[in-house]
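# Architecture and fold: a report
So the chains spell out like this:
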Amino acid sequence: RIAPSPTGFLHIGTARTALFCYLFAKKHQGSFVLRIEDTDLERSFLQFEKDILENFKWLGIEWDEGPDIDGKYGPYRQSERLNIYAKYLDKLLKEDNAYYCFCSEEELEAQRQYQMSQGLAPRYSGKCANLDKKTIKKKLAEEKPRVIRFKIPAKKVNFNDLIRGKLEFDTALIGDIIIAKDLNNTLYNFAVAVDDFEMKISHVIRGEDHLSNTPKQILIQEALGFSQPQYAHLPLILGPDRTKLSKRHESVSVSEFKKEGYLPESIINFMAFLGWNPGDEREIYSISSLIKEFSLEKVQKAGAVFNVKKLDFLNGFYIRQKSAEKLTELCIPYLAE
Ligand code: GLU
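Here goes a summary of the coordinates provided. Please read all numbers here as calculations on a predicted model, not as lab measurements.

### Overview of the overall build of the chain
Helix and strand content of the chain: 12 helices and 10 strands. In summary, the chain has a C-alpha radius of gyration of 22 Å against a globular reference of 20 Å for 337 residues, a match within 12%. Within the chain, the fraction of its 337 residues that count as buried is 46%. Partitioning the intrachain contacts of the chain with sequence separation of at least 6 by distance along the chain shows that 75% fall at a separation of at least 24. The distance from the centre of the 49 positive side-chain charges to the centre of the 48 negative ones in the chain is 4 Å.

Laid out in structure tokens, this is it:
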């Protein structure tokens, strides 16, 4: 599955992740699922969702299940799944794997400052973990500001990443995380764990920036008795200065590349090499040849440097392949503008 948050235009990094998910799914005759992660209502906009869907289609990355297709495991927009999350939140609360926390922002900030002054990593103290039922009931009735926290058990979380191999995380470094603001307002790590299970996701292929979320999601799956998907974390995309590719580095959204005259086949071919390599000299790959050749074993761990010269070279190649008629047709919108 690809699970973009509609908080901005389709980023080249998200498009690369979607491509790898798509290639892997198609190669193994699986389904490729598009899920819109719009739990952050303040930052999510329909305009961005539209841009994401349009540009995936323009690139030729087509999904089998998604918000505009009636799949078996819908709805495919998190904002339409609140009743599903509420059911599982309730279960976690009842089974004492989650609790209401009434600590104020000021209190938490003071705690953070104190821990940092002691050279400790800031984490929640667990103050509200053992409030008695009467106190909780009273505070809830008084509509005191509250969040729901997940109890992180003390243990080591192990999993086998299909790219990075065996990984181990010590939960001593993670405080009890906030999983919801209330029963109707869930946060990322919790919603993802529920959706991946409910949507029968077999493989989670995503950027390395999500690696620290994985142990949290595994612990939530364990508390809810869910099966665990297989994980594969893709290398970061780095700018020419070898820092994480971001808006500081000229174009980063697919629509900008499109505006600049790059063809979808050039972008696909280019993105495939952002972390994957067939291991020989071949450089030209169509999306259908990529489906045949792609494998996670050939995805590297090291960051992938975004080299725009390579993209220009590929675009030149694909432009020269076009007939005069086709090229004219492609040029007209640019000329008109
Ligand atoms: N919604 C997340 C993002 O846009 C992706 C989450 C995931 O793949 O688990 O970064």
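### Examining the packing of aromatic side chains
Taken as a whole and judged by the stated rule, the model has 19 aromatic pairs. With 5.0 Å between their ring centres and 90° between their planes, F9 and F48 make a pair best called edge-to-face. With F9 in the segment before helix 1 (12–27) and F48 in helix 2 (residues 46–59), this residue pair connects regions lying 39 residues apart in the sequence. Geometrically, the ring pair formed by Y100 and F102 is stacked, given 6.3 Å between the ring centres and 25° between the ring planes. Considered together, Y100 and F102 belong to a single accessibility category, that of buried residues. One aromatic cluster is present, built from ring pairs that chain together F20, F273, W276, Y285 and F294. In this structure, R149 packs its charged tip against the face of Y124, placed 3.6 Å from the ring centre. The aromatic ring of F273 is capped on one face by K310, whose charged end is 4.3 Å from the ring centroid.

### A look at the nonpolar core
Ranked by size, the top nonpolar core spans 51 residues in total, and within it F32, F56, I61, M271 and W276 carry the most contacts. Of all the secondary structure elements, the ones that give two or more residues to this core are helix 1, helix 2, strand 8 (230–234), helix 8 (254–259), helix 9 (264–272), helix 10 (287–293) and helix 11 (308–321). Examining the composition of this core, we find that 10 residues originate from one element, helix 1, more than from any other. Discounting residues that sit within four places of it in the chain, M271 has contacts with I12, A15, R16, L19, F20 and L59. By size, the runner-up hydrophobic cluster in this structure holds 37 residues, among which are I84, V194, V204 and L224.

### Comments concerning the environment of L219
Relative to the helices and strands, L219 resides in helix 7 (residues 214–224). When the C-alpha positions of L219 and V157 are compared, they lie 7.9 Å apart, and in sequence the two are 62 residues distant. Ignoring sequence-local partners within four residues, the contact set of L219 consists of F150, I152, P153, K155, V157 and T171.

### Remarks on the sheet that holds strand 1 (residues 98–101)
One open sheet holds the 4 strands; their spatial order is 1-2-5-6, and the pairing between them is antiparallel. Looking along the sheet, the strands with just one partner apiece sit at the ends: strand 1 and strand 6 (185–186). Where strand 5 (residues 177–182) lies against strand 6, 2 bridges are found, and the strand directions are antiparallel. Along strand 6, the bridge assignment pairs D182 with N185.

### Things to note about helix 9
Counted residue by residue, helix 9 has 8 buried out of 9 residues, so it is predominantly covered. Where helix 9 is concerned, the buried positions are P264, S266, I267, I268, N269, F270, M271 and A272. On its buried face, helix 9 is in contact with helix 1, helix 2, helix 8, helix 10 and helix 11.

### Observations regarding the pattern of salt bridges
The final tally for this structure, using the stated rule, is 24 salt bridges. With a shortest N-O distance of 3.0 Å, R1 and D196 are connected by a salt bridge. With a gap of 195 residues between them, R1 in the segment before helix 1 and D196 in helix 6 (residues 188–198) connect regions that are remote in the sequence. Grouping residues by exposure puts R1 and D196 together as buried. What you see here is one network of salt bridges that share partners, running through R1, R35, E37, R81, D195 and D196.

### With respect to the pairing of strand 3 (residues 156–161)
Burial along strand 3 is one-sided: V157, F159 and D161 are buried, and none of K156, N158 and N160, which face the opposite way, are. Two elements, strand 3 and strand 4 (residues 165–170), share 6 bridges in a ladder whose sense is antiparallel. Along strand 4, the bridge assignment pairs N158 with E168. Hairpin geometry of strand 3 and strand 4 is characterised by an intervening segment of 3 residues between the two adjacent antiparallel strands.

Reading guide: rules and limits
- Each residue is numbered by its place in its chain's sequence as written, counting from 1.
- Under the rules for a predicted model, residues below a pLDDT of 70 receive no local features and side-chain atom pairs below 80 are neither given nor counted, while totals for whole chains, interfaces and linings still include all residues.
- Each side-chain value is derived from all of the structure's non-hydrogen atoms; neither hydrogens nor water enter the calculation.
- Labels follow the DSSP assignment, with helices taken as runs of H or I lasting at least four residues and strands as runs of E lasting at least two, numbered in each case from the N terminus.
- Two things to know: the radius of gyration comes from C-alpha atoms, and the globule rule equals 2.2 Å times the number of residues to the power 0.38.
- Only protein chains enter the area calculation, which uses a 1.4 Å probe; residues under 20% of their type maximum are buried, those over 50% are exposed, and those in between are partly exposed.
- Two residues form a contact once any of their heavy atoms are found within 4.5 Å.
- When charges are tallied, Lys and Arg are placed among the positive residues and Asp and Glu among the negative ones, while His and the ends of the chain are skipped.
- By convention, the charge on Lys lies at NZ, on Arg at CZ, on Asp at CG and on Glu at CD.
- Centres within 6.5 Å make a pair out of two Phe, Tyr or Trp rings, where for Trp the six-membered ring is used; the pair is then stacked when the planes are under 30 degrees apart, edge-to-face when over 60, and tilted otherwise.
- Charge-over-ring placement is defined geometrically: NZ (Lys) or CZ (Arg) within 6 Å of the ring centre, and within 35 degrees of the ring normal.
- The criterion is simple. A nonpolar core is a set of buried Ala, Val, Leu, Ile, Met, Phe, Trp, Tyr and Cys residues joined through side-chain atoms within 4.5 Å.
- Note on pairing: two strands pair once DSSP finds at least 2 bridges between them.
- For salt bridges, the criterion is a side-chain nitrogen of Lys or Arg within 4 Å of an Asp or Glu carboxyl oxygen.

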